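Single-letter residue listing:
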Amino acid sequence: MKSISLDITKAVSFLKAGTVEAYEPQVKAAQEALENGTCPGNDFLGWLHLPSSITPEFLAEVQACADVLRSNCEVVVVAGIGGSYLGARAVIEALSNSFAWLVADKNNPTILFAGNNIGEDYLSELTEYLKDKKFGVINISKSGTTTETALTFRLLKKQCEEQRGIEEARKVIVAITDATKGAARAAATKEGYTTFVIPDNVGGRFSVLTPVGLLPIACAGFDITKLVEGAADMEKACGKDVPYADNIAAQYAAVRNGLYAQAGKKIEIMVNYQPKLHFMSEWWKQLYGESEGKDGKGIFPASCDFTTDLHSMGQWIQEGERTIYETVISVEEPERTLLFPHDEQNLDGLNFLAGKRVDEVNKMAELGTRLAHVDGGVPNIRISMPKLNAYYIGQLIYFFEIACGISGNVLAVNPFNQPGVEAYKKNMFALLDKPGYEAESKAIKERIANE
């Protein structure tokens, strides 16, 4: 079986000779700290050997629940925010027909995502759309009190019960939550919902290979066994005993830290030439941004969809401030074949492309852009995927996860906490006069009045 691969040659050329090799002791120590549980945040390392620990019986349990939803629902709404939805959405979007919402599919329910914003129009339009639909809900929240998700679930639960009846609703509402505590667990127990557990030692951004991601992906009709198999194979390929030069996660962690510390590259742009990977970049942005952006440190994770964004961001990337580098995800072989047609009039002057696969044009755009950006002072890392399927996406997910853990340890931050995320919530609750926030409410309202 093939594997994803890493090419760092167009990034190493921007570093002093021997830089990547010099990072070997730090990178090995960082990975050892993960394995030994001696790093900061060591109570959130449940993802580290998760792929190899998932049993066929557990996958069968997840699939059985998915099959109940699939057979009883036209639409399944996934309610969650951040890591509670981005991983699932990344995989589903990558594997789905690009025009899935327009294609009549009798075999698979439509998967929608909500609970990730507080947009009144969005939620109103969602509830309006669902009025004549047989829908179910997967509610993903460890606490059950995250504002965006809890608000959305309250709306959807009420609508589902009104449209389908309370007993039928209980069959098509699933809770993925804490094992024993929290509002979502209490509600699920009271209502008798099918439940799955978010492991205490797996943070949200690392949770795509738990039921948080696996259940929605299975509901969409994709092979979660292959997804986990790919991740498990990458777990082996990036193990601590794999030689440093052969460990692509170690190499990626070393290069990005070298570019940051030595070459002044503060921004990493995740680039794809396959539109289906847009949400994979969104998942990656949370994974690295939330893991490394703390203590006044961290590479800023950004993303672009090429060639689309070459017509909006290409100028800045080519000639703007030289604080950036690119990591390109390239898919070697698309699922479909489409040949560029010949045109007798040739008014657009494109007959020189006649008979070529569209993907060949795309690949030459990728190569040409890579050469231009490197010439313009932008280091370039390339990750190559043989095909866009569940197995290789599983590989990609685990590759980014383990590289993130290693990279965060090299940077000397805690890759597994997110203390800064709570600041806006505290202010929001104070402004909304949430019980228990009286002192904060008074202080922040006085501050606003005086500004």
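Residues numbered from 1 in each chain as written. Predicted model: local features only at pLDDT ≥ 70, side-chain atom pairs only at ≥ 80, totals over all residues. Heavy atoms only, no water.

A few words now on the environment of Asp359. Along the chain, Asp359 falls in helix H16 (residues 358-375). Put simply, Asp359 and Leu339 are 20 residues apart on the chain and 8.8 Å apart in space, counted from C-alpha to C-alpha. For Asp359, the side chain forms a polar contact with the side chain of Lys363, separated by 2.8 Å. (Helix = DSSP H or I, 4+ residues; strand = E, 2+ residues; numbered from the N terminus. Polar contact = N/O pair within 3.5 Å; in protein donor to acceptor, adjacent residues only side chain to side chain.)

In contact at an axis separation of 8 Å, helix H6 (residues 86-95) and helix H11 (residues 211-219) are set at 30° when each is read in the N-to-C sense. As far as their axial angle goes, H11 and H6 are roughly parallel. Between H6 and H11 lies a crossing of right-handed hand. Residue-level inspection shows Ala88, Val91 and Ile92 of H6 in contact with H11, the latter providing Val212, Gly213, Pro216 and Ile217. In the contact of H6 with H11, the residues fall into six nonpolar, one polar and no charged. (Axes fitted to C-alpha atoms, helices over the stretch in contact; angles between N-to-C directions. Parallel < 35°, antiparallel > 145°, perpendicular 65-115°, else oblique. Left-handed = near helix turned anticlockwise from the far one by under 90°. Contact = heavy atoms within 4.5 Å. Nonpolar A, V, L, I, M, F, W, Y, C, P; charged D, E, K, R; others polar.)

Attention now moves to H11. Counting buried residues along H11, nine of its nine residues qualify, which places the element largely inside the surrounding structure. Immediately downstream of H11, the backbone of Gly221 shows phi near 95°, a positive value. (Buried < 20%, exposed > 50% of the residue type's maximum accessible area, 1.4 Å probe, protein only.)

On to the sheet that holds strand S10 (residues 380-387). Consider a sheet: its strands pair through backbone hydrogen bonds, and that pairing is either parallel or antiparallel. Strand order in the open sheet made by the five strands is S1-S10-S9-S7-S8, with mixed pairing throughout. Each edge of the open sheet carries a strand with a single partner, namely strand S1 (5-7) and strand S8 (300-305). Going from strand to strand, the sheet's axes swing by 20° on average, the running direction of each strand aside. As defined by bridge partners, strand S7 (residues 267-272) adjoins strand S9 (residues 324-333) across six bridges and the pair is classed as parallel. The partner of Met270 across the bridge, within S9, is Thr327. (Pairing = 2+ DSSP bridges.)

It is worth spelling out the sheet that holds strand S2 (residues 75-79) at this point. The five strands are arranged S3-S2-S4-S5-S6 in an open sheet whose pairing can be described as parallel. Either end of the sheet is taken by a strand with one partner, and the two such strands are strand S3 (110-114) and strand S6 (194-197). Neighbour to neighbour, the strand axes of the sheet diverge by 20° on average, direction disregarded. Sheet topology places S2 next to S3; five bridges connect them, and they run parallel. Residue Val76 lies in a different strand from S3, and its bridge partner there is Ile111. Across the sheet, helix H8 (residues 147-164) is in contact with S2, S3, strand S4 (135-140) and strand S5 (173-177); its angle to S4 comes to roughly 155°.

Attention shifts here to the pattern of salt bridges. In the structure shown here, the tally under the stated rule is 25 salt bridges. With its nearest N and O atoms 3.4 Å apart, the salt bridge here joins Glu168 to Arg164. Overall, Arg164 belongs to the buried group, its relative accessible area being 16%. One salt bridge in this structure joins Lys285 and Glu282, with 3.0 Å as the shortest N-O distance. Of this pair, Lys285 and Glu282 both sit in helix H14 (residues 278-292), three residues apart, which is roughly one turn of that helix. Since its relative accessible area comes to 25%, Lys285 is described here as partly exposed. Judged by its relative accessible area of 22%, Glu282 falls in the partly exposed class. Linked by salt bridges that have partners in common, Lys157, Glu161, Glu167, Arg170, Lys190 and Glu191 make up one network. (Salt bridge = Lys/Arg side-chain N within 4 Å of Asp/Glu carboxyl O.)

Shape descriptors only; they carry no functional weight alone.
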